[in-house]
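Architecture at a glance
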Amino acid sequence: MNEKMKEWFMKRVPFNQEKASKVMSKIFLEEPIPKHMKNWYYALGATPLILFGFMVVTGILLTFYYIPSPNKAYNSVRYITEEVSMGYWIRGIHRWASNLMVIAIILHMVRVFFTRGYRKPRELNWIVGILMFAVTLTLCFTGYSMVYNQLSYWAATVGTNMIKEIPIVGTTILDFLRGGQEVSSNTLTRFFNLHIGFLPTLLFILIIIHIVFIRMHGVSKLEGKEDDEETYSFYPEHFYHTIIVALFLITFISALTIVLPPGLGEPANPNITPAHIKPEWYFFAVYSILKFVPLKIGVFLILALVIAATFWPFIDDMLRKKWPKIKIHYLVGSLTIILFLFFTVYEILVH
Amino acid sequence: MSENNNSLSTQKLLVGIFSILLLIILIIVAAVEMKQTRKPELVVDVSGVNKKCVDCHIQKGVAVKAIDSWKQSKHAQQNISCIDCHTAKKGDFDAFYCPESDFLVARHPTPNDCAECHEQQVREFSESKHAHQFWLIKNADRAVFENPISTRNGCEQCHNIGNLWPDGSVGECDACHAKHTFSKAVARQPETCGECHIGPDHPQIEMYLESKHGNIFRSQEKKLDLNYSSKDNKPIPIDVPVCTTCHMDGNETQPMTHNVSARLGWESQAAWSFRTVWLDEKLGNWEMKRSRMESVCKSCHAPDFIETYFLTADLVNLQYNEIRRVFVDWNKKLNKKGLTHTLIGKDGKPYSDPTLVGWDEVPEYKMYYAWHHEGRRFRMGAEMMAADYTQWHGIWEIQDDLVTMLTWAAEHGDKEAKKWVESIDPIKFAPYALYDIPGNAWGINAKSNTLPYVYKTYPDYWERIKSNVKAAYDNNLLSEKQWLAWLKRFENKEHYLGTKYNVDSTFKIYTDRDDLDTKAFKKQAVEFKLPGNPFWIW
């Protein structure tokens, strides 16, 4: 019976099973992993992917009830949180997974940065990674606006205001994103569309490109040990590592959701500006800088930082050629992390 | 090789330290932020002098909750802090130094302080009857009856809304905008008005809750956000009116006002109902004020309903005056005959006014009740859709007062009163002229108007009523529009009274049912005799 079914299926989908199995085995199961990856520090690259998976699943469930209209958005989120069976858990997982995804990406970047995993020939994959980080933050920003409470409404207003400062095209992009002069029903529809359609698709494509790059180059080995580091197969050990991470994460996020479930805040009121408008915590450092310098300069500063981060592998290469003895990436990396943490904590303390 | 190993160790150390540092700090940051999402109140900047006030009050445990309330206020959001309202100059009536400090502060921020920012609201309020100290002007000092200590936390607590401050300003803004949140939502909550508009003399909160408005409000209360701005001629954002919706809030037709007298057509609280002349030069005459109220009603109701409803309520006010006239005439007569007495003060001058207050003799206080308690309920109930207050707490008790007064007069030898008491004519309960309107605002009842004794007994009933309504119109107590609306009903009264419609077959179902009820109660109660004898034998 089984054979018959197989035969029936193979006739209709005539692919070379043996070849496919070999390819799968080669590019997936037998992928050589450098021995240093057995250390947990180095084995968390899949964490953002796992969290993204959680968010796709919970996100789809949230769209069953969420209504992207200014009059109904807040109430639909309230309904999900307070009335839908397990709704608070689904929403909590979605919200906490987004927070942890940002943290996981930052940790992954720290690892790649300090091990110079971006060095030749993997520069392009670093750029893909930066793009993925940017898309993730945009997903977070648009997702935060979905709740349509006072903080998220005003964060969306102030956040999008920055776009205006981009020379020449700023105002046009702002109008395009907001669908008018102010954050309105048009903005919510556009943000919703971006959040559940365009951005996740883009991120998914970038994830594929990122993994394909890794598979093409192989996982980067430690600098100086490129030739003599031992390797082991992706399956089963590293695969099980990933499964353990996934199981740990779902437990950890569930616990966080129970202990610190996301609240609802006050419904958005375009007529009342809250005393303190603040973005989500991952933008605190940027927000802090913007408070100390004029908006225009701040926006340029941020753009400069983004460009520097994107092209860091090339910048690093040039700097190393000039000062071969100095570990510039240690200095730059440490300074960036310390400043980022300082401004993030500072924002928390002043509020 | 060793250099390579050293480099790898440094690398591992950096990755390890920064990963753990980032992980711990960022998860704590995310957790703190997540906790913030559950906090309804906004965090407020407290700095400068304000910080000193707040710190000291918290440290000494003085009015700490007031600070918490202030933190929730819009004032706090806009950086309007302690000293902005409690500002004082040397010599101010309420200036004092905060203990153990050199801060000169005002104990009582007055409307003058509020007017620094809310000039329009304070002005409108000062032009309203809320600010009018009528009780100091109109009546004799009631503290002989209700001794001073009782009035401190009694009368004065409510009438404080029109407090005349030593700085010349009038009012007490926090009577409605409870301090220190000064919340619009609290001010709009019907119970805020009900703090004073309650009790036997003007139970508006009870009337409101009895009305359809109040009932719908209660059922939707949890969903309503009363913290809205009523400026800019925007539509009313809630589906059911609270007190302020009709009396203060704006809609598409008019701006919000703090002058609660701007939309009232009657002085229904007065001893005699009269068309308001309050600030006519600014607010327009009573018709203009009434039209403002009607414009609010029109947000929800059909014009025809509003017109009939108010016309009926207006006729109730006019009817009250005719009843009041009987009380006043009788009290004057009894006073003149020496059966009741005016109070005389130590200075030899009359202290009480027999037509307003007497307090110590039955006809006097029955007249007082018929005005100050039941008379107000009768009129205000009719204006506020509170049927029970028009009926049982209104006209029924007024008539009870009337019977008691006349019975007392008869017992004390007044011949006319004796004749009235001994009369067996049912019409003796209407010793005054009547007003009426064919039908009501709610619809046509095809049977109820076949019942009233006066309809069946007096063929000229409606002609008499017409002449009274016409007289009221001629005296500018009803508008031309109202007179025409009344006439329209009069000319089609068989329709509006429902008498032209034959519904006997339907009505018979109920008369048959009623026969069964009558038989049942006769059998079960009236004719049911117990075998054991009573213990007291008549």
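Placed above this text is the structure.
Bear in mind the structure is a predicted one, so any value in this text is a computation, not a measurement.

1. Focus on the overall build of chain A
Across its full length, chain A holds 14 helices and two strands. Going through the 351 residues of chain A one by one, you find that 47% of them count as buried.

2. Notes on the overall build of chain B
Along chain B, the regular secondary structure elements total 27 helices and four strands. With 538 residues in all, chain B has 39% of them scored as buried. The long-range fraction of contacts in chain B, counting pairs at least 24 apart against all pairs at least 6 apart in sequence, stands at 60%. Carbon together with sulfur atoms contributes 58% to the accessible area of chain B, which is approximately 30,600 Å² in total.

3. Re empty space enclosed by the protein
For the structure shown, the criterion picks out four cavities of 30 Å³ or more. Within this model, the largest cavity holds a volume of roughly 60 Å³. Looking at the largest cavity, the residues that line it are A:Arg95, A:Tyr144, A:Leu151, A:Lys278, A:Pro279, A:Glu280, B:Glu33, B:Gln36 and B:Thr37. When its volume is computed, the second largest cavity comes out at roughly 40 Å³. Lining the second largest cavity, in full, are A:Ser145, A:Tyr148, A:Tyr153, A:Ala156, A:Val183, A:Thr187, A:Leu188 and A:Phe191. Going through the elements one at a time, α7 (150-161) and α9 (185-217) of chain A are the ones with two or more residues in the lining of the second largest cavity. Class assignment of the residues belonging to the lining of the second largest cavity gives a composition of six nonpolar, two polar and no charged.

4. What about the packing of helix α17 (residues 286-297) of chain B against helix α18 (residues 303-336) of chain B?
Residue and element names in this part refer to chain B. Interaxial distance between α17 and α18 falls to 11 Å at its minimum, and their mutual angle equals 135°. For the element pair α17 / α18, the angle class is oblique. As α17 runs across α18, the sense of the crossing is right-handed. For the pair α17 and α18, the contacting residues are Arg290, Met293, Glu294 and Cys297 in the first and Ile306, Phe310 and Asp314 in the second.

What counts and what doesn't
- Here, residues in each chain are numbered from 1, in the same order as that chain's written sequence.
- By the order in which they are written, chains take letters starting at A while ligands take numbers starting at 1.
- For a predicted model such as this one, the threshold for reporting local features is a pLDDT of at least 70, and the threshold for listing and counting side-chain atom pairs is 80 or more; totals across whole chains, interfaces and linings nevertheless cover every residue.
- Only hydrogens and water are set aside when side-chain values are computed; all heavy atoms of the structure are taken into account.
- The helix and strand labels rest on DSSP assignments: H or I over at least four residues marks a helix, E over at least two residues marks a strand, and numbering proceeds from the N terminus.
- Categorising residues by exposure relies on relative accessible area from a 1.4 Å probe, with only protein chains included: less than 20% of the type maximum marks a residue as buried, more than 50% marks it as exposed, and the intermediate range marks it as partly exposed.
- Throughout, a contact is declared for two residues whenever any of their heavy atoms are within 4.5 Å.
- For the area figures, the Shrake-Rupley method with a 1.4 Å probe applies, and any residue is considered shielded solely by the protein chains shown.
- Using a grid of 1 Å spacing that covers the protein atoms alone, one calls a set of points a cavity when a 1.4 Å probe fits there but cannot get out, and a pocket when the set is open and has protein on both sides within 12 Å along at least five of seven lines; lining residues are those with an atom within 4 Å of a point.
- Grid points are joined across faces, edges and corners, and a volume is the space filled by probe spheres set on the points.
- Note on residue classes: Ala, Val, Leu, Ile, Met, Phe, Trp, Tyr, Cys and Pro are nonpolar, Asp, Glu, Lys and Arg are charged, and everything else, Gly too, is polar.
- Every angle, taken between N-to-C directions, lies between 0 and 180 degrees, and every axis is a line fitted to C-alpha atoms, over only the stretch in contact when it is a helix.
- Oblique is the label for any angle not covered by the other classes, which are roughly parallel (under 35 degrees), roughly antiparallel (over 145) and roughly perpendicular (65 to 115).
- Note on convention: the crossing is left-handed when the near helix lies turned anticlockwise from the far helix by less than a right angle, right-handed when the turn is clockwise.

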